[in-house]
Amino acid sequence: MKSLNPRFIFLLSLTVVSSSLGFYLPGLAPVSFCEKEDAKECQKDIQLFVNRLDSVESVLPYEYDAFDFCKDTDERRPSENLGQVLFGERIETSPYKFTFKSDKACVKVCTKSYDAGSKEDKLKLDFLKKGMELNYQHHWIVDNMPVTWCYIVEGNQKVCNPGFPIGCLVNQEGKPKDACVINADFNKKNAYYIFNHVDITIFYHSGDETNGMSARLVAATLEPRSVKHSNDDKPTCDGTPMDIPAEFKNNLKVTYTYSIQFKQNDDIRWASRWDYILVSMPHTNIQWFSIMNSLVIVLFLSGMVAMIMLRTLHKDIARYNQMDQEEAQEESGWKQVHGDVFRPPRMGMLLSVFLGQGTQVFIMTFITLFLACLGFLSPANRGALMTCSVVLWVLLGTPAGYVSARLYKTFGGENWKTNVLLTAFLCPGIVFVDFFLMNLILWVEGSSAAIPFGTLVAILALWFGISVPLTFVGAYFGFKKPGIEPPVRTNQIPRQIPQQSFFTKPVPGIIMGGILPFGCIFIQLFFILNSIWSHQMYYMFGFLFLVFIILLITCSEATVLLCYFHLCAEDYHWWWRSFLTSGFTAVYLFVYAVHYFFSKLQIIGVASTILYFGYTLIMVLIFFIFTGM
């Protein structure tokens, strides 16, 4: 076997990683801005959009309108794709409207009044306090780009977060929580401080990209502040922090204001305007450590497989061919089970269904990650990743039906109708039931992540109207083909399996088989879980694609090794064992998700806990049939 040149591996990895950052998303055209509007060339008005609010302490996101903030009098919602709806994004216009290059200071947006004698006002204020207590974050968008809050952390490192908090809390002991630590003036015990003022800075590029006639926005940052305005009609934005007491006894007014300034920055090009956000994300040296760790495991397994194939098996076959029949009868090991090794497994129907569904998930994942590496599914194209995955899964019903039917026919099965129905409905049905139950909880809690009834109907239409018929088409061609003929004849009477040692028994072998594949992915898994549950932006699809390829190789080689050891122990029940050996990686994934929940997350509440584990079970099931396949 030729070993890959380390320089080639590095260059390949660098190419794949840089592909998602080297150019901007194809299909998204830049918008030009100018001081005097030209309908053909540029526009002068800048609209700020608001998205859902979320928290690391709760799985329940809420729409902007769920909180008592200032609302746009002429509210509009841009059309959202399927992925955005499934992820719970709810984008709408805001009352924050700007004019290009028009700096303004302390502009009043609105004033919210709360009457201590009104139950409705009390509920509104309580919900706002709950949002501050759970550290819910705003997510604002300008020109399809997140408005970021940049601040300095330990080690003098600048971090730009694509969100900023509603406010913060100082508890009864006087200990500031979350964002309250940034200002020493937040010192009242048992009080909430609301960020009712924002200082927004928009950077624009006005150079060779636009011939100097117009400009393109390349960054948008803000600084949230809490200000108690002495005059709500004519605010000055220089007062003390706006504190809200924990006990609502007196009438209260909260005035929301903003300041806006524009700065020219020709060093940042439009095509790389996301870089300042991505640079502050987790560094790539951890990713390279993950890749090198995975490559070491792959090289170890490849060496083991090569040694077995090139030395042990070659030597055994050569010696076996030189023996006469009597000597062969005295032999032991894998050579003795050649007449039983292709005996159809128990529950062959279920195994063929899992393999068909696993093929569907594998092709879907491969194409999705490949497109992500090319930049088509970057964070700028909101919801594209989920939309692409769902559409591909729907369209890939044919290979699932074909693989399932062909294998089932190879196993000698005759109930082809049951096989096709199970392939089309078993795993997708389990996922849909789990998803629907989670959606019921979101509906009850009033979360923006609750899927509208119309979208559920659309998903069912895609499933029953496209995926199921395509599965039947694939099954038709699969059953039409002859079954896969084994190279040796299967004995009529099953051979008795000798007493097995502890390590060659099914359960220990399956448990050990999932360790190495999981070792290849656990670092990448940390970043993926951070992206899902801690609302961090994930963009390193090049690394993820490499880890995906390494995972495939590791699962295959680990299964080959353990199957060889089991056959040497004259145990020919390898069909299910080979599936479960790699599929057990999903169990380690679940264990890691439990560890992540208790050690990394700050999620509180029964509903959020149920939602976390409900969605985790969907991930585990999909990962199980994928790695097992």
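Residues numbered from 1 in each chain as written. Predicted model: local features only at pLDDT ≥ 70, side-chain atom pairs only at ≥ 80, totals over all residues. Heavy atoms only, no water.

A short note on the side chain of N419
Right, on to step 1. Assignment of secondary structure puts N419 in helix α10 (residues 416-445).
Right, on to step 2. Not counting residues within four places of it along the chain, the set of residues in contact with N419 comprises M349, S352, V353, S404, A405, Y408 and F479. (Helix = DSSP H or I, 4+ residues; strand = E, 2+ residues; numbered from the N terminus. Contact = heavy atoms within 4.5 Å.)

Considerations on helix α11 (residues 453-480)
Right, on to step 1. An ideal rise of 1.5 Å per residue puts 40 Å on 28 residues; α11 measures up with 40 Å between its terminal C-alpha atoms.
Right, on to step 2. Taken together, the buried positions of α11 are occupied by T455, L456, I459, W463, S467, V468, T471, G474, A475, G478 and F479.
Right, on to step 3. Buried residues along α11 sit against α2 (82-86), α7 (348-373), α8 (384-395), α9 (397-410) and α10. (Expected span 1.5 Å × (residues − 1). Buried < 20%, exposed > 50% of the residue type's maximum accessible area, 1.4 Å probe, protein only.)

Quick word on the packing of aromatic side chains
Right, on to step 1. Enumeration according to the criterion identifies 55 aromatic pairs in this entry.
Right, on to step 2. Aromatic pair F597 and Y612: ring centres 4.9 Å apart, planes at 40°, arrangement tilted. Of the two residues, F597 is situated in helix α16 (residues 585-599) and Y612 in helix α17 (residues 606-628); the sequence distance between them amounts to 15 residues. Both residues of the pair, F597 and Y612, belong to the buried class.
Right, on to step 3. Following the ring pairs from residue to residue traces out a cluster consisting of Y62, Y64, F67, F69, F127, Y136 and Y256. (Phe/Tyr/Trp six-rings, centres within 6.5 Å; stacked < 30°, edge-to-face > 60°.)

Re the layout of surface pockets
Right, on to step 1. The volume enclosed by the largest pocket comes to roughly 1,000 Å³.
Right, on to step 2. Forming the walls of the largest pocket are 33 residues, and the residues nearest its centre are V56, N135, Y151, N161 and Q536.
Right, on to step 3. Looking at the lining of the largest pocket, the elements with two or more residues in it are β2 (53-55), β9 (149-153), β10 (157-161) and α13 (515-533). (1 Å grid on protein atoms, 1.4 Å probe; cavity = no way out; pocket = protein on both sides within 12 Å on 5 of 7 lines; lining within 4 Å. Points joined across faces, edges and corners; volume = space filled by probe spheres on them.)

What to know about the state of the cysteines
Right, on to step 1. In this structure the tally under the stated criterion is 5 disulfides.
Right, on to step 2. The side chain of C70 participates in a disulfide bridge whose partner is C110; the two sulfur atoms lie 1.8 Å from each other. Here C70 and C110 share a disulfide; its torsion about the S-S bond, -85°, makes the bridge left-handed. You can see C70 sitting in the loop between β3 (58-62) and α2 and its partner C110 sitting in strand β5 (residues 104-114), a full 40 residues away along the chain. Assigned by exposure class, C70 and C110 land together as buried.
Right, on to step 3. Sulfur-sulfur distance for the disulfide between C168 and C180 comes to 2.0 Å. Between C168 and C180, the S-S dihedral sits near 85°, and the bridge is therefore right-handed. Here C168, found in strand β12 (residues 167-170), pairs with C180, found in the loop between β13 (176-177) and β14 (191-194); they are 12 residues apart in sequence, far enough to count as distant. The two residues C168 and C180 agree in class, both being buried. (Disulfide = S-S within 2.5 Å.)

Observations concerning unusual backbone geometry
Right, on to step 1. Phi at D143 takes a positive value of approximately 55°, unusual for a residue other than glycine.
Right, on to step 2. Looking at the secondary structure, you find D143 in the loop between β7 (140-142) and β8 (145-146).

Brief notes about the pairing of strand β1 (residues 45-50)
Regular strands have side chains that alternate between both faces of the sheet.
Right, on to step 1. Where β1 lies against strand β4 (residues 92-99), 5 bridges are found, and the strand directions are antiparallel. Among the inter-strand pairings, Q47 is bridged to a residue of β4, identified as K97.
Right, on to step 2. Examined bridge by bridge, β1 and β7 share 3 bridges and lie antiparallel to one another. When the sheet's bridge partners are listed, V50 is paired in β7 with W140. (Pairing = 2+ DSSP bridges.)

Some remarks on the packing of α8 against α11
When two helices pack together, you describe them by how their axes are tilted relative to each other and by the distance separating the axes.
Right, on to step 1. At a minimum axis distance of 7 Å, the contact between α8 and α11 shows a crossing angle of 45°. Judged by the inter-axis angle, α8 sits oblique to α11. Together, W393, V394 and L395 of α8 and L462, W463, I466, S467 and L470 of α11 make up the contact between the two elements.
Right, on to step 2. Of the residues belonging to the contact of α8 with α11, the class tally is 7 nonpolar, 1 polar and no charged. (Axes fitted to C-alpha atoms, helices over the stretch in contact; angles between N-to-C directions. Parallel < 35°, antiparallel > 145°, perpendicular 65-115°, else oblique. Nonpolar A, V, L, I, M, F, W, Y, C, P; charged D, E, K, R; others polar.)

Focus on the nonpolar core
Right, on to step 1. The biggest cluster of nonpolar side chains holds 143 residues, and the ones touching the most others in it are F98, L128 and W140.
Right, on to step 2. With 13 residues, the single largest contributor to this core is helix α14 (residues 541-568).
Right, on to step 3. Discounting chain neighbours no more than four positions away, the residues touching W140 are L48, F49, V50, Y64, Y96, M145, P146, V147, F164, V198, I200 and L222.
Right, on to step 4. Formed by 6 residues, the second largest nonpolar core is a distinct cluster that contains M349, A405, A475 and F479. (Core = buried A, V, L, I, M, F, W, Y, C linked by side-chain atoms within 4.5 Å.)

Focus on α14
Right, on to step 1. The end-to-end C-alpha distance of α14 is 40 Å, a good match for the 40 Å that 28 residues give at a rise of 1.5 Å each.
Right, on to step 2. Most of α14 sits inside the fold, with 21 of its 28 residues counted as buried.
Right, on to step 3. Once α14 finishes, E570 follows within two positions and takes phi at roughly 65°, a positive value.

Some points on the sheet that holds strand β17 (residues 243-245)
Sheets are built from strands paired through backbone hydrogen bonds, the pairs being either parallel or antiparallel.
Right, on to step 1. In space, the 4 strands of this open sheet follow the order β13-β12-β14-β17, with antiparallel pairing throughout. Of all strands in the sheet, those bounded by a partner on one side alone are β13 and β17.
Right, on to step 2. Note: β12 against β14, 4 bridges, orientation antiparallel. Its bridge partner being in β14, C168 is matched across the sheet by Y193.
Right, on to step 3. Packed onto the sheet, helix α3 (residues 119-133) meets β12, β13, β14 and β17 and runs at close to 85° relative to β14.

Points about a nonpolar patch on the surface
Right, on to step 1. On the surface, V433, F436, L437, L440, W443, F453 and V457 cluster together into a nonpolar patch covering about 630 Å² of accessible area.
Right, on to step 2. The element best represented in the nonpolar patch is α10, accounting for 5 residues.
Right, on to step 3. Mapped onto the elements of the fold, V457 is located in helix α11. (Patch = residues over 30% accessible without salt bridge, like charges linked within 9 Å, V, L, I, M, F, W, Y side chains within 5 Å. Areas by Shrake-Rupley, 256 points an atom, 1.4 Å probe, with all protein chains shown as cover. Salt bridge = Lys/Arg side-chain N within 4 Å of Asp/Glu carboxyl O.)

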